[in-house]
2 protein chains.
Amino acid sequence: MILYSYWRSTTSYRVRAALNLKGLSYTQRPVDLVAGEQRTDAYTALNPGQGVPALELDDGTVLTQSLSILDYLDATYPEPPLLPSDPLLRARVLAAAHTVALDIHPVNNLRVVAHLKTAHNANQDQAQDWMRHWMAEGFSALEALLPDRATFAFTDTPGLADLCIVAQCYNAHRWGLPLTPYPKTARIEAACLATPAIKAAAPEAQPDAS
Amino acid sequence: MILYSYWRSTTSYRVRAALNLKGLSYTQRPVDLVAGEQRTDAYTALNPGQGVPALELDDGTVLTQSLSILDYLDATYPEPPLLPSDPLLRARVLAAAHTVALDIHPVNNLRVVAHLKTAHNANQDQAQDWMRHWMAEGFSALEALLPDRATFAFTDTPGLADLCIVAQCYNAHRWGLPLTPYPKTARIEAACLATPAIKAAAPEAQPDAS
């Protein structure tokens, strides 16, 4: 499999971590989002959404959207599972994952922040305020959704919510949002980074890191 | 079941449509987002994310995040299914659904647009430009992900992608984005609105519509 990704993309981080947890081998093909490689004709033909990650399967089929790719990997390579089988617990894990993946990440996406700068004249400080604002709102909601005691978000093994959380925490550090008001989130990040398969998926460990 | 919702919320629209398609009865409890009812202590205790929809089950358990609620409903009340069982087709349906539910909706959410106005002094015209910009980008990507021939997005029965699409089309009309450049999206909207269970979930048919 070929993973089109970018080292600092948190959605790429989620998928790398899942591939590693499931013991799947893949070739990483970096797409330089800052240089605009995602908008080339060649990449747009591959992923019309012009984002990363995209996963090319061995038969050439290309999957897009990180949560959709994770769902496919979990259906096709079930061990270890990213989601529990009980529908109610599964819904709770998904709600926590989606609080990051829908309420925080899309609003702080590179293209959204770039548009905020060009169309609304936001400077870099204002752009960082924007990102910290949505992270703070989302992490507050997340804390209330998480149980008090567990190693990872809900269980003793890492799953979908954990992968979304650890990747978002990378952005929190990058943009200067302290995690001290969010102790459960911080605990989950620490548990994830102590897991070699997840640590190996972190941005700084990628071939295109600079 | 009690559905906390708002008539114009597109994420509420998705869940109402799914409940109707599956023939489930529910009581709708409106949360007036414009009046700020989602930020009251009582509602925040119910849904820490301060959004709609939230679904309260008969035992008092509250589920949040529309895609998580839809996943729970599909697992618990499998007929008719919102997602196909084949992992690859399922990934394609999810990618289309997520192009709406992640790339468009969160960025155009009421609270994001409100923050754009207060923190970045955007006027109403600029706010509408913002919304149309992300809908145009997302619908363009969506057209490239959809097959040429089907009644609904991928099959002859409505599923997750269709529910996300028909609800987003409501917002496109509301904010003045013509669907003519997006013929597949427009075809799917028409097929959905010709389906009584979905039509009954549309904003104008809700008790809190004004």
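Residues numbered from 1 in each chain as written. Chains lettered and ligands numbered in written order. Predicted model: local features only at pLDDT ≥ 70, side-chain atom pairs only at ≥ 80, totals over all residues. Heavy atoms only, no water.

Chemist: Outline the sheet that holds strand E4 (residues 62-64) of chain A, supporting the account with residue identities and numerical values.
Modeler: All names here are of chain A. Across the sheet, 4 strands lie side by side as E2-E1-E3-E4; this open sheet has mixed pairing. At either margin of the open sheet sits one strand with a lone partner, and together these are strand E2 (27-30) and E4. Averaged over all pairs of adjacent strands, the angle between their axes in this sheet comes to 20°, without regard to strand direction. Here strand E1 (residues 2-5) runs beside E2; their pairing, made up of 4 bridges, is parallel. Considered in E2, the bridge of Leu3 is made with Gln28. (Pairing = 2+ DSSP bridges. Helix = DSSP H or I, 4+ residues; strand = E, 2+ residues; numbered from the N terminus. Axes fitted to C-alpha atoms, helices over the stretch in contact; angles between N-to-C directions.)

Chemist: Now, about the nonpolar core: what can you tell me, with residues and values included?
Modeler: Formed by 148 residues in total, the largest nonpolar core has its most connected members in Leu73, Trp130 and Phe139 of chain A together with Leu73, Trp130 and Phe139 of chain B. If we skip the residues at most four places from it in the chain, Trp130 of chain B touches Val112, His115, Leu116, His120 and Trp130 of chain A together with Val107, Asn108, Val112, Val113 and Leu116 of chain B. (Core = buried A, V, L, I, M, F, W, Y, C linked by side-chain atoms within 4.5 Å. Buried < 20%, exposed > 50% of the residue type's maximum accessible area, 1.4 Å probe, protein only. Contact = heavy atoms within 4.5 Å.)

Chemist: Lay out the pattern of salt bridges with the relevant residues and their values.
Modeler: In total, this model carries 14 salt bridges over all chains according to the counting rule given. Linking Arg111 of chain A and Asp103 of chain B is a salt bridge whose minimum nitrogen-to-oxygen distance equals 3.5 Å. Of this pair, Arg111 of chain A sits in helix H6 (residues 110-120) while Asp103 of chain B is found in the loop between helix H4 (87-101) and helix H5 (105-108), placing the two residues in two different chains. Accessibility expressed as a relative area gives 27% for Arg111 of chain A, which makes it partly exposed. Between Lys22 of chain B and Asp74 of chain B there is a salt bridge, and its shortest N-O distance comes to 2.7 Å. With Lys22 of chain B in the loop between helix H1 (10-21) and strand E2 (27-30) and Asp74 of chain B in helix H3 (residues 66-76), this residue pair connects regions lying 52 residues apart in the sequence. For Asp74 of chain B, a relative accessible area of 15% translates into the label buried. Three or more residues joined by partner-sharing salt bridges are found here, namely Asp103 and Glu137 of chain A together with Arg111 of chain B. (Salt bridge = Lys/Arg side-chain N within 4 Å of Asp/Glu carboxyl O.)

Chemist: Describe the side chain of Thr11 of chain A, naming the residues involved and giving the relevant values.
Modeler: Residue and element names in this part refer to chain A. Turning to its location among the elements, Thr11 is positioned in helix H1 (residues 10-21). For Thr11, a relative accessible area of 8% corresponds to the buried category. A polar contact is formed between the side chain of Thr11 and the side chain of Ser9, at a distance of 3.1 Å. Side-chain polar atoms of Thr11 contact the backbone oxygen of Val52, separated by 3.1 Å. With near-sequence residues (within four places) excluded, Thr11 lies in contact with Val52, Pro53, Ser66 and His105. (Polar contact = N/O pair within 3.5 Å; in protein donor to acceptor, adjacent residues only side chain to side chain.)

Chemist: Could you give an account of the sheet that holds E2 of chain B, naming the residues involved and the relevant values?
Modeler: Residue and element names in this part refer to chain B. The 4 strands lie next to each other as E2-E1-E3-E4, forming an open sheet whose pairing is mixed. Edge strands, defined here as strands with exactly one partner in the open sheet, are E2 and strand E4 (62-64). Direction aside, neighbouring strands of the sheet carry axes that sit 20° apart on average.

Chemist: Describe the state of the cysteines, and please don't skip the residues or the numbers.
Modeler: This model, assessed by the stated rule, comprises 0 disulfides over all chains. You can see Cys192 of chain A has no disulfide; the closest cysteine sulfur is in Cys169 of chain A, sitting 8.2 Å from it. (Disulfide = S-S within 2.5 Å.)

Chemist: Let's hear about the packing of aromatic side chains: which residues, and what values?
Modeler: Overall, the coordinates contain 9 aromatic pairs over all chains when judged by the stated rule. Ring centres of Tyr6 of chain A and Trp7 of chain A lie 6.3 Å apart, and the angle between their planes is 65°; this geometry places the pair in the edge-to-face category. For the pair Tyr6 of chain A and Trp7 of chain A, one class covers both residues: buried. Here the aromatic cluster, defined as three or more aromatic residues joined through ring pairs, consists of Trp130 and Trp134 of chain A together with Trp130 and Trp134 of chain B. (Phe/Tyr/Trp six-rings, centres within 6.5 Å; stacked < 30°, edge-to-face > 60°.)

Chemist: Quick rundown of the interface of chain B and chain A? Include the residues and the values.
Modeler: Facing the 40 residues of chain B at the interface are 40 residues of chain A. It is Gln65, Leu102 and His120 of chain B in chain B that bury the most area against chain A; as a group they hold 16% of the surface buried on that side. Viewed at the interface, chain A and chain B are joined by 6 salt bridges. The partner of Asp71 of chain A in a salt bridge is Arg90 of chain B, and the shortest N-O contact between them spans 2.7 Å. Across the chain B-chain A interface, the total number found is 8 residue pairs in polar contact (both at pLDDT 80 or more). Among the secondary structure elements, those contributing two or more residues to the side of chain B that touches chain A are E4, H3, H4, H5, helix H6 (110-120) and helix H7 (124-145) of chain B. The leading source of residues in the side of chain B that touches chain A is H4 of chain B, at 9 residues. Split into classes, the residues belonging to the side of chain B that touches chain A amount to 23 nonpolar, 12 polar and 5 charged. (Buried area = accessible area lost by both parts, 1.4 Å probe. Nonpolar A, V, L, I, M, F, W, Y, C, P; charged D, E, K, R; others polar.)

Chemist: Residue-level account of the relation of the copies chain B and chain A, with values.
Modeler: Superposing chain B onto chain A requires a rotation of 180° together with a translation of 0.0 Å along the rotation axis, leaving an RMSD of 0.0 Å. Seen this way, the second copy is the image of the first under a two-fold rotation axis. Residue Val107 of chain B of chain B places its C-alpha closer to the rotation axis than any other residue of that unit, at 2.5 Å. The overlap is high: 100% of the interface residues of chain B also sit at the interface in chain A, so the same surface is used on both sides. (Least-squares fit on C-alpha atoms with pLDDT ≥ 70 in both.)

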